[in-house]
Structures are given as C-alpha cells and as structure tokens.
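Structural characterization, general
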Amino acid sequence: MTFTARVTSGSFPSKSSSKTKAPDAIGAAHQWTANDPTVLAERVARDLKTLLPHLTDQT
C-alpha cells in the first residue's frame, strides 16, 4: 500500500492579472508518497519545516 500527502496553495494572479481564476494564475503543489505512514509523516514534517520555517517557529 502506498500513502500519499499533498499540499497545494491557492491560486494567485500574476502581476499582469487581477483575477485568481485567470488562465495565467499561479499556484504551487507538492506531493509525497511512502509505503509507511510514519515515514510519510516524517518526510512531510521535515520538508514543511524547511520550506515554511515561519509556520513552525516556536519563538
């Protein structure tokens, strides 16, 4: 069995557009997979702490 976690951002307009649904809207996504849910959780936690340190800052 393979476990999957996926994080997506909402769309936001490029500099030339004011609508988030515009064809040139920008978004981001990342997906992780693992055969063990514990390993998957560790990977997701590690990567999110690295990519988004301000969300996990405990100060």
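What this report covers is the structure whose coordinates are included nearby. (Residues numbered from 1 in each chain as written. Predicted model: local features only at pLDDT ≥ 70, side-chain atom pairs only at ≥ 80, totals over all residues. Heavy atoms only, no water.)

Looking now at the overall build of the chain. When you go through the chain residue by residue, the secondary structure sums to two helices and two strands. Listing every helix and strand of the chain by position from the N terminus yields β-β-α-α. In the chain, buried positions account for 15% of the 59 residues. By sequence separation, contacts in the chain at least 24 residues apart represent 41% of the contacts at least 6 residues apart. When the accessible surface of the chain is split by element, carbon and sulfur atoms take 56% of a total near 4800 Å². (Helix = DSSP H or I, 4+ residues; strand = E, 2+ residues; numbered from the N terminus. Buried < 20%, exposed > 50% of the residue type's maximum accessible area, 1.4 Å probe, protein only. Contact = heavy atoms within 4.5 Å. Areas by Shrake-Rupley, 256 points an atom, 1.4 Å probe, with all protein chains shown as cover.)

Counting five residues, the largest nonpolar core consists of Ala-5, Trp-32, Ala-34, Leu-40 and Val-44. Breaking this core down by element, the ones donating at least two residues are β2 (29-34) and α1 (37-51). If we ignore the near neighbours within four places in the chain, the residues touching Trp-32 are Phe-3, Thr-4, Ala-5, Val-7, Leu-40, Arg-43, Val-44, Asp-47 and Leu-48. (Core = buried A, V, L, I, M, F, W, Y, C linked by side-chain atoms within 4.5 Å.)

The tally for this structure, following the rule as stated, stands at one salt bridge. One salt bridge connects Asp-47 with Arg-46, and the closest N-O pair in it is separated by 3.1 Å. Given a relative accessible area of 18%, Asp-47 falls into the buried group. (Salt bridge = Lys/Arg side-chain N within 4 Å of Asp/Glu carboxyl O.)

A few words on a nonpolar patch on the surface. On the surface, a nonpolar cluster with roughly 300 Å² of combined accessible area is contributed by Leu-51, Leu-52 and Leu-55. The topology assignment puts Leu-52 in the loop between α1 and α2 (53-56). On the basis of relative accessibility, which here comes to 31%, the residue Leu-52 falls in the partly exposed class. (Patch = residues over 30% accessible without salt bridge, like charges linked within 9 Å, V, L, I, M, F, W, Y side chains within 5 Å.)

Quick look at α1 now. Helix length check: α1 (15 residues) gives 21 Å between terminal C-alpha atoms against 21 Å at 1.5 Å per residue, within 8%. Those residues of α1 that sit buried are Leu-40, Val-44 and Asp-47. Viewed along the axis of α1, the buried residues span an arc of 75°, placing them on a single side of the element. Structural note: α1 exposes Glu-42, Arg-46 and Thr-50 on the side pointing more than 90 degrees away from its buried face. (Expected span 1.5 Å × (residues − 1). Arc of directions from axis to C-beta.)

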